[in-house]
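Observations on the three-dimensional arrangement
Take a look at the letters that make up each chain.
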Amino acid sequence: MASGLEGRVVIVTGAGSGIGRAAALAFAQEGARVVVADLNAESAAATVQEIEKADGTAVAVTGDLGEQSVVDQVAATAVERFGGVDVLVNNAGIMDRMSALGEVSDAEWDRVIRVNLTAPFLLTRAVLPHMLTAGRGAIVNTASEAGLRGSAAGAAYTASKHGVVGLTKSLAVMYRNQGIRANAIAPGGTRTGIQIDLADGAHGPAALGPYFGNVGQVSEPEEQAAVIVFLASDAASNINGAILPVDNGWAAV
Ligand SMILES: NC(=O)c1ccc[n+]([C@@H]2O[C@H](COP(=O)([O-])OP(=O)(O)OC[C@H]3O[C@@H](n4cnc5c(N)ncnc54)[C@H](O)[C@@H]3O)[C@@H](O)[C@H]2O)c1
């Protein structure tokens, strides 16, 4: 089945690096027009350049997606430049310090929840009216292995990614009769630029070794991107509310 993504308008957050960048390139290859949203202006511009070099169409929007004004700008850019929003990929995210709950500062908690959970909420709320008017839309969220279990990150990141799973399922149920699907990938360890700022190692990979030992191979961003594109495509037309591990079997252990 054809992907059905030709000419479609796709927003990818965190598209300046890692999984988001790979997803933006993959959508452009399918003929979609891509809004590249990222905090980092330089890397967002680089992704747009790469897409345009391959004769694709993309535009960059730079800013912190935890801010309503930036969220509004992303949605407005999609509508004004390309006429609507068909696909939203909430992918931007930050790692925590792998701290146990008792050691999480207010600042760490607020920032991780803001970027990983509140930003997807804000941007989804901003694009939903456009999808509802069109009577169709696909939302793909990047959750994590840490959205499925308690041993893949610290308390803040784990809570944020469990939140992303809940957000995805609620969207899927509540908008299922209005042409909108919502799914998530749950990546295992993936070779990207994400900052893993380990505080003192007390709860880091060494302490979680028995669990991390089950990670298997580290995946490439392109392997995650391929699943994001599939979930957004017509080939996944009856998949709604799925949280799909892309982790070489980690979630199966
Ligand atoms: N790499 C992994 O092992 C792994 C595993 C599971 C889940 N994930 C998830 O994958 C997603 C993508 O991360 P990645 O691994 O590609 O990391 P990455 O650091 O390579 O890319 C993340 C991008 O998001 C952007 N970003 C961060 N905060 C932002 C903000 N407030 N507003 C706008 N953009 C912002 C960064 O500038 C960066 O370009 C994240 O949600 C992450 O939690 C990654």
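Residues numbered from 1 in each chain as written. Predicted model: local features only at pLDDT ≥ 70, side-chain atom pairs only at ≥ 80, totals over all residues. Heavy atoms only, no water.

Examining the side chain of D96
With respect to the secondary-structure elements, D96 resides in the loop between β4 (87–90) and α4 (106–134). Buried within the structure, D96 lacks any salt-bridge partner; R97 is the closest side chain of opposite charge, at an N-O distance of 8.4 Å. At 2.9 Å, the side chain of D96 and the backbone nitrogen of M98 are in polar contact. A polar side-chain atom of D96 sits 2.9 Å from the main-chain amide nitrogen of Y157. (Helix = DSSP H or I, 4+ residues; strand = E, 2+ residues; numbered from the N terminus. Buried < 20%, exposed > 50% of the residue type's maximum accessible area, 1.4 Å probe, protein only. Lys, Arg positive; Asp, Glu negative; His and termini not counted. Salt bridge = Lys/Arg side-chain N within 4 Å of Asp/Glu carboxyl O. Polar contact = N/O pair within 3.5 Å; in protein donor to acceptor, adjacent residues only side chain to side chain.)

As for the environment of S3
Of note, S3 is situated in the segment before β1 (9–13). Overall, S3 belongs to the buried group, its relative accessible area being 17%. Spatially, the C-alpha atoms of S3 and D234 are 5.3 Å apart, while their sequence positions differ by 231 residues. Apart from residues no more than four positions distant in its own chain, S3 is found in contact with E30, S233 and D234. (Contact = heavy atoms within 4.5 Å.)

A look at the site of the ligand
Taken together, 27 residues form the shell around the ligand, and within it S17, D38, N91, Y157 and T192 come nearest. The side chain of T192 places a nitrogen or oxygen atom 2.6 Å from an oxygen atom of the ligand. For the ligand, whose accessible area on its own is 830 Å², the fraction buried by protein is 91%. Within the residue set of the shell around the ligand, elements represented by two or more residues are α1 (18–29), α4 and α5 (155–174). Split by residue class, the shell around the ligand holds 10 nonpolar, 13 polar and 4 charged. (Near = heavy atom within 4 Å. Areas by Shrake-Rupley, 256 points an atom, 1.4 Å probe, with all protein chains shown as cover. Nonpolar A, V, L, I, M, F, W, Y, C, P; charged D, E, K, R; others polar.)

Regarding the nonpolar core
In terms of nonpolar packing, the biggest core is built from 31 residues, with V12, F27, V34 and V36 touching the most fellow members. Listing elements by their share of this core, those giving two or more residues are β1, α1, β2 (33–38), α2 (41–53), β4, β5 (137–142) and α7 (221–232). Broken down by element, the residue count for this core peaks at 8 residues, all from α1. For V34, the contacting residues outside a window of four places in its chain are V10, V12, A24, F27, A28, I51, T57, A58, V59 and F82. (Core = buried A, V, L, I, M, F, W, Y, C linked by side-chain atoms within 4.5 Å.)

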